[in-house]
Amino acid sequence: MEFTGIPQKTVTAREAGLVACTRCNRAWPLGTDVCRRCGKTLVSRDVFSLQKVWALWLVGLMCYVPANMYPMLRTQQLFTVDESTIIGGAVDLAHYGAFGIAAVILVASVVIPLGKFWAIAFLAVSVRSKGTFASGKRLLMYEIVEYIGRWSMIDIFVVAILSALVQLQGLASITPGPAAFFFALSVIFTMLSAQAFDPRMIWDAQSEDDKAFENV
Amino acid sequence: MGVLHPPRYRYMWRMSDAMNLTKTPLEELIVCPICDATYQLQRPKAGERAVCVRCHKVLIAPRYKAGMQIIAIAIASVVLVIAASVFPFLEISVAGRTNAVSILDAALSFTRGPMLVLALLTAGFIIFVPLLRMLLTLYVLIPVVLDRPAAKHAVWAFRISEAMRPWSMAEIFALGCAVALVKVADLATVSFGPAFWMFGVLVVLVIAQDGFMCKWSVWNSLEYPKKR
């Protein structure tokens, strides 16, 4: 934020007696219900935002547990049947020497989802407790969560491609396990949870800190 | 625009106090959707970007002839999505046995019991959402670019198209293919069908289209169809 010559004080729509449309960026007088340009319901701050975030977050987390316990892939080769979980599959890949791919799978299906659960929870808690963390860092976190969340779907797509492709009667076949279902749900619910977060709250906490600081 | 020049930024001018903002007509204001900072509207020139000073969100990013480029990309993408989903995508062979699949087959491979839901979701994320977004974009932008009055329900169409943006996952599927190929490589010989290359081009087009599209400009031209 070091842009010399630009004063750092901004006026928010709420301070100016306005309500913003978060879809088309149009300003309306405070109290307007619906954006007349794009039809979005207008709220100055989404007061139920955190409730929605936590509810969807919890469902996502609940789906993530069976996603890791049940098998993701069921591989049948001649007479042997091999069932592997997400982490088990990555470990197998590493055994074959495909470290790069094992890392992609581990990052996309373990590191990103867990990081996302942590980041969303952190954001939701930190906007409540004032003055613990700089807004810029919270924003960066929000942007990373928004951008990276979708990439967890990669594992589902790998399972889809493999189980469609490897269907060689009698020789080898791959079928998806129940974990694929739960994992997809987990990704979808965490995406919805991140979308429910109202990022405008990040700065409200900060500006209240500033006011408190000025009073001191 | 010279290739070597860095992209030019233009920061929004900010009104010094809330009093002035309340005097400005509402259509002359723009509010950052991420941090609620309010600015008096200043239109950047083509190639420049208006960026929120507080959170650095790009608010307006017009490009020269963007409308026509987006329409061209969308038409190409519609053709590619349809072709890429029906032609053979990948083919494997082991000991004389072969199996060729299309993208549609891959998406619909989860077909037993509750897995059907997953099949529909996968097919949606890779094929139907991108396809629908392209069609809606064409529907909204063609009248705008031709300086005609906005299409009927164009606001509604653009709304759906924007809501679907995070759920269009063609590029993620592309990376998924790479991972799947390495997994199968030990097991069997894999060869690429025509749809594989079409899908590769499609991913590039989808990303390019997202980069060219300036949301604010579209909403603005839907509100004032002639003025632009």
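Everything numeric in this text was worked out from a predicted model, so none of it was measured.

Student: Before we go on, may I ask you to explain the overall build of chain B in this structure?
Tutor: Along the backbone of chain B there are 8 helices and 8 strands. Buried positions account for 50% of the 228 residues belonging to chain B. For chain B, the exposed area adds up to about 10900 Å²; of that, 65% sits on carbon and sulfur atoms.

Student: Even after reading the chapter, I still don't get the confidence of the model for chain A, so can you show me in this structure?
Tutor: Caution applies to low-pLDDT regions: their predicted coordinates should not be interpreted in detail. All names here are of chain A. Looking at chain A as a whole, its pLDDT mean stands at 83, while 88% of the residues score no less than 70. Mean pLDDT in chain A bottoms out at helix α7 (residues 200-215), which sits at 66, and peaks at helix α1 (residues 49-69), which reaches 94. Of the regions scoring below 50 in pLDDT, residues 1-8 engages in 11 contacts with residues more than four places distant in sequence or in other chains.

Student: Quick question: what am I supposed to make of the side chain of R45(A) here?
Tutor: Structurally, the position occupied by R45(A) is in the loop between β2 (27-29) and α1. Of the polar contacts made by the side chain of R45(A), one reaches the side chain of D36(B); its length is 2.8 Å. Apart from residues lying up to four places away in sequence, R45(A) is in contact with T12(A), R14(A), D198(A), R200(A), D204(A) and D36(B).

Student: So what exactly am I meant to see when it comes to the pairing of strand β3 (residues 73-77) of chain A here?
Tutor: Put simply, side chains in a regular strand alternate between the two faces of the sheet. Residues and elements named next belong to chain A. Note that β3 and strand β4 (residues 80-84) share 5 bridges and pair antiparallel. Bridge pairing in β4 places R74 opposite E83. Where β3 lies against strand β6 (residues 172-176), 5 bridges are found, and the strand directions are antiparallel. Pairing of R74 across the sheet is with T175, part of β6.

Rules behind the numbers
- For every chain, the first residue of the written sequence is number 1, and numbering continues from 1 along that sequence.
- All chains are assigned letters beginning with A, and all ligands numbers beginning with 1, in the order in which they are written.
- Local features in this predicted model are restricted to residues of pLDDT 70 or higher, and side-chain atom pairs are both shown and tallied only at a pLDDT of 80 or more, whereas totals for entire chains, interfaces and linings draw on every residue.
- Based on all heavy atoms of the structure, the side-chain values leave hydrogens and waters out of the count.
- Secondary structure counts use DSSP, requiring at least four H or I residues in a row for a helix and at least two E residues in a row for a strand, with both numbered from the N terminus.
- Buried means the residue's accessible area, taken with a 1.4 Å probe over protein chains only, is under 20% of the maximum for its type, while exposed means over 50%, and partly exposed covers the values in between.
- The method behind every accessible area is Shrake-Rupley, applied with a 1.4 Å probe, and residues are considered shielded solely by the protein chains displayed.
- What pLDDT expresses is the predictor's confidence in each residue, scored from 0 to 100.
- Here, two residues are considered to be in contact whenever any of their heavy atoms come within 4.5 Å of each other.
- N or O atoms closer than or at 3.5 Å make up a polar contact, with two conditions inside protein: a donor-capable atom paired with an acceptor-capable one, and, for residues adjacent in sequence, both atoms drawn from side chains.
- Here the rule is simple: two strands pair whenever DSSP picks up at least two bridges between them.

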